[in-house]
Each structure stands twice: as C-alpha cells, then as structure tokens.
Amino acid sequence: MKKAPYYINKPDNTLPEGVTNSILKSSDPLAYHQSLKKYTVTPLVELNELAKSYGVKNIFVKDESYRFGLNAFKGLGASFAISKILEKDPDIETFCSATDGNHGRAVAWSAKLFGKESRIFVPKNTTRARIQAIENEGAVVEKVDSDYDETSEFAKEMSIKNGWQLVQDTASENYEEVPAYIMAGYLTHFKELEVSLHKLPEPKVDIVFLQAGVGSWPAAAAWYYLNRYGVNRPKIILVEPIEAAGILASFKKGERTKPYGNFQTIMAGLNCGIPSLTAWDILKNSADAAMAIEDTFTEQAIRELYYPTGDDKRIISGESGAGGLAGFIALMTDPRFRNLKEALNIKSESRVLFYSTEGDTDPENFKNIIRKK
C-alpha cells in the first residue's frame, strides 16, 4: 500500500503581523457586500443522512453556488478589493488578472459593476466553458500556453506594460495589499454563519475542511477562526489535488515551494502552483493538517451531493467546490489516511463543516461525472 500524501502540522496558533493582518482586522466586507443589489446570504445546508453514512454527528455545507449569480464565491474577494482600489484611484480604467476560471470571472464582474474594463489571462488547460463565462462578464480573455504560475507572471508583466491594475489573489514580495483586500472580502461568508455555527464563545463545529489552491481563501478562513476563537477554534484541514499540492509540498519542505505533480486534475480552481506568500504565513501557523487526494474522490463527492439520500437536500457542487468533502471522504474510507483520521480524533460526536465554493462551472464535465453513477 502506498503511503498517503498528508502532513500533520503542529500550529502555534499565532497570527503574523503585517499588511495582511492589519487589513483583515480593519475591514468590514459584510457591510459592503450587503450594499450590492445581488447580495443574499448563501444557504447553509445540514445533511443528516450523509452524516449518518460516515459515522459523524453533523455535516454542514455552505453552498456558494448562489453567490451574486456567479455560481461561485470569488465575487466576494474581487468586488471588495476593486472597491478599495477605486477608493484610492477612481481613474483606473482596466483591471487585469490571471485565473483558472472563477477568480477571473469575478474580477470581470466586479470591474463591470464600476463601469470598468477587464483583461483576463488563463492557463493553457482552461476549458472553453470557463473562458466563455468570463467573456460573458465583458472581459477580454487570452489563453497563455503555460501553467498557472507562469500565466500569473505574464498577467503581471502585461499589467505593468499597459498600465492596467493587477487584481491577483496570490501575494508576493511587494504585492500584498490587493491580495489582502481579496482575502478580507472572503470574510463575509464566514461572518454570515455567526447567527448559526460561528457563535461565541465557541463554534458549533469541530472540524472544517478547506480546499486549497494558492491558499488565499483557506488562509482567510483560518485567520477568521483564529481571530474569533483563538485556541478554541475548530480544527482546520487543507485539501488539494494530488497533482497540484503546493501547500502540502510546502509543509513537507518547511517553506513555500512549487508542487511536484503534473497539474492534470479536474479541480481546475485548485490547479495552482506555489502558495501565496501571506497565505502561507497564516496557514503554517493555523492549519492542523494538509492532505492531497486523487480526482476519483472529488467525483464521488460531487455525486454524493447531487444524489442525496432520505431528506437531505441536493447540492450542485463543482470539481473544486466539492474538494473539502472529497478530502473528508478519502479520510474516512481510504486506509492510507488511517493515522491522520486518528490524529484528528474524528468520531461519532464530530460536527463537520464544508464550503461548496462553486456550482457546475464546467457544465459538460459536471454532467459526465454525475452520469457515472
């Protein structure tokens, strides 16, 4: 039996000082998002039958496919960041980004909110459906014959050359403020749960599974939980595709590094390279474990949500959106993860939370997956 790809961390539960921490602490994204016409609180779904089938007390899923009509959560970060950028410089005309799909669509949609233009660059493996979704928001989209990291660098170069404003969710040296505002925007959907699961003084969940790409979204979640609950926060598990597991590789190496895989995965939104600088600074101090999984677990997660049993509600979750549940399924069913499961102390009283961060953003591939049942 092959050894399972995971890392058990010993976080010190501290928040790094700096630009990102300052922006996250001082931001009120919920008030901003509530001012938008299309804002509604996305559903929190409890899946009792699914919980029974995996031997835990509760399974909760926050369904982000309803967010702003974008079929994904990314509009939270992009819209808040662009609003902050325009407060400082309202004369900016064009916003630019690199994306695997959802972030680029969110940037284009957010730019359009303010009457601005957008230029979006996508890696070579981006599907036509994802490109079309971005174009439908008014963006000019260009495919780059490379992977995500190199596409991101190309977008940066083109922004400098053409005087465009880069809106990237990956922080690097001398580029931290915009990614921090994007992360701050993500806080809204954690704050929405403060009337239910995220009450004080302790959360009503024990463990949260967070799918990870460059790391900005799970880092925003980790920051939220640590800032709100301190050491009483729920356990945080990071899940990546095995062929693009930059965060897992970074944990194993002890520093940010590019993943070793072939970048062939259906989890397009998680098909990323080296983790974001500031995201890594947060996650290394707050995540309890990182794990990487094969696409087969993701397909199973999509089908389990699409074909519920009993009174459970159907959830349409895309390949990246189902990543957290896919990690949980792998943990609970694959003997390779037995030691990790024991370390996390998952038991019959465990309350587990997932975020379905996207719906069927690649409709044809989604149909192929659910047909396999």
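This text gives an overview of the structure that appears in the document. (Residues numbered from 1 in each chain as written. Predicted model: local features only at pLDDT ≥ 70, side-chain atom pairs only at ≥ 80, totals over all residues. Heavy atoms only, no water.)

What about the sheet that holds strand β1 (residues 6–8)?
Taken together, the 7 strands give an open sheet; going across it, the order is β1-β10-β9-β8-β11-β3-β2, and neighbouring strands pair in mixed fashion. Each edge of the open sheet is held by one strand with a lone partner, namely β1 and β2 (44–46). Pairs of neighbouring strands in the sheet enclose a mean axial angle of 20 degrees, with direction left out of account. Sheet contacts for helix α9 (residues 216–229): β8 (207–211), β9 (235–241) and β11 (351–356); angle to β8, the most-contacted strand, approximately 155 degrees. (Pairing = 2+ DSSP bridges. Helix = DSSP H or I, 4+ residues; strand = E, 2+ residues; numbered from the N terminus. Axes fitted to C-alpha atoms, helices over the stretch in contact; angles between N-to-C directions. Contact = heavy atoms within 4.5 Å.)

Structural notes on the packing of helix α4 (residues 75–88) against helix α8 (residues 177–191)
At a minimum axis distance of 7 Å, the contact between α4 and α8 shows a crossing angle of 130 degrees. Considering the angle they form, α4 stands oblique to α8. Between α4 and α8 lies a crossing of right-handed hand. The segment α4 lies against α8, with Leu76, Gly77, Phe80, Ala81, Lys84, Ile85 and Lys88 engaging Glu177, Val178, Tyr181, Ile182, Ala184, Gly185, Tyr186, Thr188 and His189. (Parallel < 35°, antiparallel > 145°, perpendicular 65-115°, else oblique. Left-handed = near helix turned anticlockwise from the far one by under 90°.)

Observations concerning helix α6 (residues 128–135)
Among all positions of α6, only Arg130, Ile131, Ala133 and Ile134 are buried. The arc that holds the buried residues of α6, viewed along the axis, is 160 degrees, so those residues lie on one side. Taken together, the buried residues of α6 touch α5 (102–113), β5 (117–122) and β6 (140–143). (Buried < 20%, exposed > 50% of the residue type's maximum accessible area, 1.4 Å probe, protein only. Arc of directions from axis to C-beta.)

Brief notes about the pairing of β6
Judged from the 4 bridges that link them, β5 and β6 form a sheet pairing that is parallel. When the sheet's bridge partners are listed, Phe121 is paired in β6 with Glu142. Note on the crossover from β5 through α6 to β6: the handedness is right-handed. (Right-handed = clockwise from strand over helix to strand, strands pointing away.)

Looking at helix α7 (residues 148–162)
Between its terminal C-alpha atoms α7 stretches 21 Å, which fits the 21 Å expected from 15 residues at 1.5 Å a residue. Within the span of α7, buried status applies to Tyr148, Asp149, Thr151, Ser152, Ala155, Met158 and Ser159. Two or three places before Asp149, at the opening of α7, Asp147 has a side-chain oxygen 3.3 Å from that residue's backbone nitrogen. Within two residues after α7, Gly163 carries a phi angle of roughly 75 degrees, on the positive side. (Expected span 1.5 Å × (residues − 1). Polar contact = N/O pair within 3.5 Å; in protein donor to acceptor, adjacent residues only side chain to side chain.)

Some thoughts on the nonpolar core
Membership of the largest hydrophobic core comes to 79 residues, with the highest contact counts inside it found for Phe95, Tyr225, Leu238, Leu353 and Tyr355. Listed in part, the 43 residues of the second largest apolar core include Ile237, Val239, Ile266 and Phe297. (Core = buried A, V, L, I, M, F, W, Y, C linked by side-chain atoms within 4.5 Å.)

Focus: the packing of helix α12 (residues 295–306) against helix α13 (residues 323–333)
Their axes nearest at 8 Å, the elements α12 and α13 cross at an angle of 105 degrees. The angle between the axes of α12 and α13 places the two elements in the roughly perpendicular class. Residues Phe297, Thr298, Gln300, Ala301, Glu304 and Leu305 of α12 touch α13, and the partners they reach there are Leu325, Ala326, Ile329, Ala330 and Thr333. Per-class residue counts for the contact of α12 with α13 are 7 nonpolar, 3 polar and 1 charged. (Nonpolar A, V, L, I, M, F, W, Y, C, P; charged D, E, K, R; others polar.)

Let's talk about the side chain of Asn102
When you line up the elements, Asn102 lands in helix α5. Under the relative-accessibility criterion, Asn102 is labelled buried at 17%.

Notes on the environment of Gly327
Tracing the backbone through its elements, the reader meets Gly327 in helix α13. For Gly327 and Leu238, which are 89 residues apart along the polypeptide, the C-alpha to C-alpha distance reads 8.3 Å. Residues contacting Gly327, with those up to four places away along its chain left out, are Phe209, Val239, Met291 and Ile293.

A short note on the layout of surface pockets
Volume-wise, the largest pocket comes out at about 340 Å³. The wall of the largest pocket is formed by 20 residues, among which Asn125, Thr126, Phe263, Thr265 and Asn271 lie closest to the centre. For the lining of the largest pocket, the per-class residue count stands at 5 nonpolar, 9 polar and 6 charged. Of the voids in this model, the second largest pocket is the one considered here, and its volume is about 260 Å³. Asp149, Ser152, Glu153, Thr170 and Ser172 are the residues nearest the centre of the second largest pocket, which is lined by 13 residues in total. By residue class, the composition of the lining of the second largest pocket is 5 nonpolar, 4 polar and 4 charged. (1 Å grid on protein atoms, 1.4 Å probe; cavity = no way out; pocket = protein on both sides within 12 Å on 5 of 7 lines; lining within 4 Å. Points joined across faces, edges and corners; volume = space filled by probe spheres on them.)

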